[in-house]
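Listed here are the chains, written in short residue letters.
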Amino acid sequence: MLRGGERMFFPTLKKTGLERITVTDFPGLDRRESAQVNGFREMENLCSDGYPALRTRQARALVAETAKPNGLTAKDALIWVDGGQIYVGGLAAGPQLTDGEKSLVSMGAYLVVFPDKIYLNTKDLSDYGSLECRKTAAAGVGISLCDAEGTAYSDVVESEGAPEEPEEGALWMDVSGAVPVLRQFSQDCWTAMQNVCVKLQATGLGKGFAAGDGVTVSGCGVERLNGETVLQAVGEDWVVFPGTVAVSTEQEEPVTIYRYVPEMDFVVQSGNRLWGCKYGMVDGETVNEIYASKLGDFKNWRCFQGLSTDSYAVARGSDGVFTGAVSYLGNPIFLKERCMERVYAADSGAHQIVTTECSGVQKGSEKSLQVVGGVLYYLSGDGVQAFDGSLPVTVSQVLGEKRCHGGVGGAWRGKYYLSALDEEEAASLLVYDSERRQWHREDGLRATAFVGSGGELYCLASDGKLWSMHGQSGEKENDFAWMAETGEVGMQSPERKRLTRLLLHLRPERGKTVTAWLSYDGGASWTRQGQATGNGSIREQVIAMRPRQCRALRLKLTGSGQCAIFALTALYERGGDGL
């Protein structure tokens, strides 16, 4: 209305603008509350191979199926244990084992199986047997004096006093003391002889033993001959070891020769020895010890002659059970939940062990120990640790507050694979890209063991299936479903902005459909918002979504087959003045 020639003007409203935010970098799994829109709180069958794009994993291939998966390793061929049978390259080999989970340790051409204490030559499958050997002569055991090669001494005079007018080289068994001493006359004096030995003879007594074996002798009538000793020479019906006897004799009581391997919690190979550890009760005694076999000889763990090649055994002072062992940076490391025992092996045999207080391996996650890119990874009670030789650091913060257990680890091309159980005992296969420092979840595969061979990673699953994890051998799986779910989208936007549109740029496999879903109630329910079907073109396809007005929402994508996600664009509407 005009009055007196005056004009009246209405206020001018500013045009509402649109703000575009595009994300082209997808760093993988991030379950933290502070996760950005490009991080995914949940996912299935995705990987970092296409980074910065998000890609589905490679198809796996089924190599073999087992009835009872009890172990997996690899040398020139894949080796697994099905029930109580070892298979080398798919062929049954070696002795029958007890049924149960096995630790398979490689040393040269040999495979050593614990806790059965069995060895198998993988170059000659007919060569196998037990690490231990026990032989008992029930009666008629001959005991005589000899040299280190088993040759009997002749013309030995036994007396308390020295023989009169001896000839050069004469032998005298001096029985004047508690222990007889064999002496030889040379250059007008009697000198105690070195390398004097005793021979025990009985049918089959030496079968299964070898010169240099550390054994325990028991049941011998000459009491001082009982105990630990080292065999100097062996025949099928006799053994020779250091000692002296006054006269040759024969006893009717049984004599036992025993080469034994200590009970151990974990065993690894390092520096041409096997190393092991034990915490607990053994024969009624508390044990907290670390052991090593004789150099180059995995059968001998009690061979002590004062040589650099000797076996090794030492008690430890750190408290708690051993939870894992690994060979890293050229030396064995034995871990507990709150510390690690680092062995510095010396060529002289003067090995040193240093205890370091740190976050160690979680009990039950001993299989999680893997070296990736020169760094040791494992699952601890504080999360996944990375250890480069100084102190371990946690690398699993993005996995959130929930803790997992029962870790089984694998290594492949700079990636750390971890199959673990969550607090509800549900399995997840998580993959850490050590170069990009990203986590992705593949699926619910529950592994019992991983092993790398021929540039491929193999997994023996709890259901007995042996998988080639990237499809390099075996029968490839036909298809698999995948999923990606974001955190809360929109919470990071400034005030007076409203999310009006979401645009998803992706490339599905030809003939495969990707569906987009939105949730406005924290994932309690989902509404389908759009989909795209792969047409075989190299150009990206777009799924456009118009969310309803809300403070925040979640986006979920589902599909099957191969797919790459390149970008996510969010359009925000800015309110006008006063809004």
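Computed from a predicted model, the values in this text were never measured in an experiment.

Peer 1: For this particular structure, what's the right way to read the nonpolar core?
Peer 2: Nonpolar side chains tend toward joint burial in soluble globular proteins. Counting 45 residues, the largest nonpolar core has Trp439 and Ile565 as the members making the most contacts within it. No other element matches strand β54 (residues 563-574), which puts five residues into this core. Contacts of Ile565, omitting those with residues within four sequence positions, involve Phe26, Ala53, Leu54, Trp482, Leu504, His505, Leu506 and Leu557. With 25 residues, the next largest nonpolar core counts Ile143, Leu145, Leu182 and Leu200 among its residues.

Peer 1: Got a minute to help me understand the pattern of salt bridges in this structure?
Peer 2: Pairing between side chains becomes possible if they bear opposite charge and their charged atoms approach one another. A complete count under the given rule lists 22 salt bridges for this structure. Between Lys102 and Asp116 there is a salt bridge, and its shortest N-O distance comes to 2.6 Å. Here Lys102 is found in the loop between β10 (91-93) and β11 (103-107), whereas its partner Asp116 is found in the loop between β12 (110-114) and β13 (118-121), with 14 residues between them in sequence. Just as Lys102 is buried, Asp116 falls in that class too. Lys278 is paired through a salt bridge with Asp265; the nearest N and O atoms lie 3.3 Å apart. One end of the pair, Lys278, is in strand β29 (residues 273-282); the other, Asp265, is in the loop between β27 (255-259) and β28 (266-270), with 13 residues separating them in the sequence. On the basis of relative accessible area, Lys278 is assigned to the buried category, the value being 15%.

Peer 1: Where do I start with the sheet that holds strand β36 (residues 370-372) in this structure?
Peer 2: Strand pairing in a sheet takes place through backbone hydrogen bonds and is either antiparallel or parallel in direction. As summarised here, the arrangement of the four strands in space is β36-β37-β38-β39, forming an open sheet in which the pairing is antiparallel. Taken across any chain shown, the strands that pair with only one partner, and hence form the sheet edges, are β36 and β39 (393-394). As paired strands, β36 and strand β37 (residues 375-380) are joined by three bridges and run antiparallel to one another. Following the sheet pairing, Gln370 is matched in β37 by Tyr377.

Peer 1: Just to check I follow, could you spell out empty space enclosed by the protein for this structure?
Peer 2: Gaps left between atoms are located by rolling a probe of water-molecule size over the structure's atoms. Across all of its chains, the model carries one cavity of 30 Å³ or more by this definition. Within this model, the largest cavity holds a volume of roughly 30 Å³. The wall of the largest cavity is formed by Cys47, Asp49, Arg57, Gln58, Lys415, Tyr417, Glu442 and His470. Partitioning the lining of the largest cavity into residue classes produces two nonpolar, two polar and four charged.

Peer 1: Hey, could you run me through the sheet that holds strand β22 (residues 214-218) in this one?
Peer 2: Read across the open sheet, the four strands follow the order β15-β27-β22-β23; overall the sheet is antiparallel. In this open sheet, the two edge strands, each paired with only one partner strand, are β15 (133-137) and β23 (227-230). Here the strands of the sheet are splayed against their neighbours by 25 degrees on average, with no regard to which way each runs. Summarising the sheet, β22 and β27 pair through three bridges and their orientation is antiparallel. Within β27, the position partnered with Ser218 by the bridge is Thr256.

Peer 1: Even after reading the chapter, I still don't get the layout of surface pockets, so can you show me in this structure?
Peer 2: Roughly 1,200 Å³ of internal volume is contained in the largest pocket. Looking at the lining of the largest pocket, the elements that each hand over two or more residues are β7 (69-74), β11, β28, β32 (324-328), β36, β40 (405-412) and β44 (447-453). The residue inventory of the lining of the largest pocket, partitioned by class, reads 21 nonpolar, 13 polar and eight charged. Taken as a whole, the second largest pocket encloses approximately 470 Å³ of empty space. Taken together, 22 residues form the lining of the second largest pocket, with Arg31, Glu42, Leu399, Lys402 and Asp422 sitting closest to its centre. Every element with two or more residues in the lining of the second largest pocket is listed here: β3 (39-44), β38 (383-387), β41 (415-421) and β42 (427-433). Considering each element in turn, the lining of the second largest pocket owes the most residues, three residues, to β42. Partitioned by chemical class, the residues of the lining of the second largest pocket number nine nonpolar, four polar and nine charged.

Peer 1: Teacher, can you tell me more about the pairing of strand β8 (residues 78-82) here?
Peer 2: A regular strand places its side chains on the two faces of the sheet in alternate fashion. Most of β8 is tucked away: five of the five residues are buried. Across the two faces of β8 the burial is the same, with Leu78, Trp80 and Asp82 and Ile79 and Val81 all buried. Hairpin connection, β7 to β8: the antiparallel pair is bridged by three residues. Note: β8 against strand β9 (residues 85-88), four bridges, orientation antiparallel.

Peer 1: How should I be thinking about the environment of Tyr119 in this particular structure?
Peer 2: Its place among the elements puts Tyr119 in strand β13. Once the C-alpha coordinates of Tyr119 and Phe298 are considered, the two residues, 179 residues apart in sequence, prove to be 8.9 Å apart. Contacts of Tyr119, omitting those with residues within four sequence positions, involve Tyr110, Leu111, Val112, Asp127, Tyr128, Gly129, Ser130, Leu131, Phe298 and Lys299.

Conventions used here
- Residues numbered from 1 in each chain as written.
- Predicted model: local features only at pLDDT ≥ 70, side-chain atom pairs only at ≥ 80, totals over all residues.
- Heavy atoms only, no water.
- Core = buried A, V, L, I, M, F, W, Y, C linked by side-chain atoms within 4.5 Å.
- Buried < 20%, exposed > 50% of the residue type's maximum accessible area, 1.4 Å probe, protein only.
- Helix = DSSP H or I, 4+ residues; strand = E, 2+ residues; numbered from the N terminus.
- Contact = heavy atoms within 4.5 Å.
- Salt bridge = Lys/Arg side-chain N within 4 Å of Asp/Glu carboxyl O.
- Pairing = 2+ DSSP bridges.
- 1 Å grid on protein atoms, 1.4 Å probe; cavity = no way out; pocket = protein on both sides within 12 Å on 5 of 7 lines; lining within 4 Å.
- Points joined across faces, edges and corners; volume = space filled by probe spheres on them.
- Nonpolar A, V, L, I, M, F, W, Y, C, P; charged D, E, K, R; others polar.
- Axes fitted to C-alpha atoms, helices over the stretch in contact; angles between N-to-C directions.

Remember that the coordinates give geometry; whether it matters functionally is a separate question.
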